[in-house]
Amino acid sequence: MNTIIPSKRKNETITIRCTSHEKDVIKEKANKHGKTVSAYLTDAGMAGRERHMSKDRRMARNLVEFIQCLDDCYGYIHSGNIETEVLEVMFNRIMEGAGKLWENL
């Protein structure tokens with residue numbers, strides 16, 4: 001049985017228009033990642049949308065968790081039954097949540 005294997009040879013060309021500043025930034029990013037401009041743009045184009053959507057979902061999840069921490073802390077403070085240790089744990093959760101939000105920006 002003969003199986004046809006698609007060629008992995010890159011023989012297609014795409015031409016894009018950009019400013020000289022954009023070109024410089026793209027070259028710098030490609031160099032930073034140890035790739036050619038062609039490889040960098042191909043990788044970015046093939047994965048960009050999925051990566052962006054994944055980041056949006058992660059950001060939304062972290063935001064919901066952060067708001068829940070704030071809500072829990074607010075409810076606890078207004079309960080009138082405050083223990084320093086519990087409050088410290090809650091504030092640590094808030095700080096961790098804020099850190100996650102900053103990481104996703």
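Calculation rules
Residues numbered from 1 in each chain as written. Predicted model: local features only at pLDDT ≥ 70, side-chain atom pairs only at ≥ 80, totals over all residues. Heavy atoms only, no water. Helix = DSSP H or I, 4+ residues; strand = E, 2+ residues; numbered from the N terminus. Contact = heavy atoms within 4.5 Å. Areas by Shrake-Rupley, 256 points an atom, 1.4 Å probe, with all protein chains shown as cover. Expected span 1.5 Å × (residues − 1). Buried < 20%, exposed > 50% of the residue type's maximum accessible area, 1.4 Å probe, protein only. Arc of directions from axis to C-beta. Salt bridge = Lys/Arg side-chain N within 4 Å of Asp/Glu carboxyl O.

## Overview of the overall build of the protein chain
For step 1, the next point in the chain: What the protein chain contains, in helices and strands, is three helices and zero strands.
For step 2, the next point in the chain: In sequence order, the secondary structure elements of the protein chain are arranged as α-α-α.
For step 3, the next point in the chain: Nonlocal contacts in the protein chain, meaning residues at least 24 apart in sequence, comprise 45% of its contacts between residues at least 6 apart.
For step 4, the next point in the chain: Accessible surface, the protein chain as shown: approximately 9400 Å² in total, 57% of it carbon and sulfur.

## Examining helix 3 (residues 84-103)
For step 1, the next point in the chain: Here helix 3 contains 20 residues, and its C-alpha end-to-end distance of 29 Å stays within 8% of the 28 Å for a straight helix at 1.5 Å per residue.
For step 2, the next point in the chain: The complete set of buried residues in helix 3 reads Leu 87, Met 90, Ile 94, Gly 97 and Leu 101. For helix 3, the angular spread of buried residues about the axis comes to 80°, placing them on one side. When the buried face of helix 3 is taken as reference, the exposed residues oriented beyond 90 degrees from it are Thr 84, Glu 85, Met 95, Glu 96, Trp 102 and Glu 103.

## Overview of the pattern of salt bridges
For step 1, the next point in the chain: Following the criterion strictly, the structure yields three salt bridges and no others.
For step 2, the next point in the chain: With a shortest N-O distance of 3.9 Å, Lys 100 and Glu 65 are connected by a salt bridge. Remark: Glu 65 occurs in helix 2 (residues 37-77) and Lys 100 occurs in helix 3; sequence separation between them is 35 residues.
For step 3, the next point in the chain: We classify Lys 100 as partly exposed; its relative accessible area is 39%.
For step 4, the next point in the chain: When the shortest N-O distance is used, the salt bridge between Arg 93 and Asp 72 registers 3.5 Å.

Coordinates in, geometry out; function isn't part of it.
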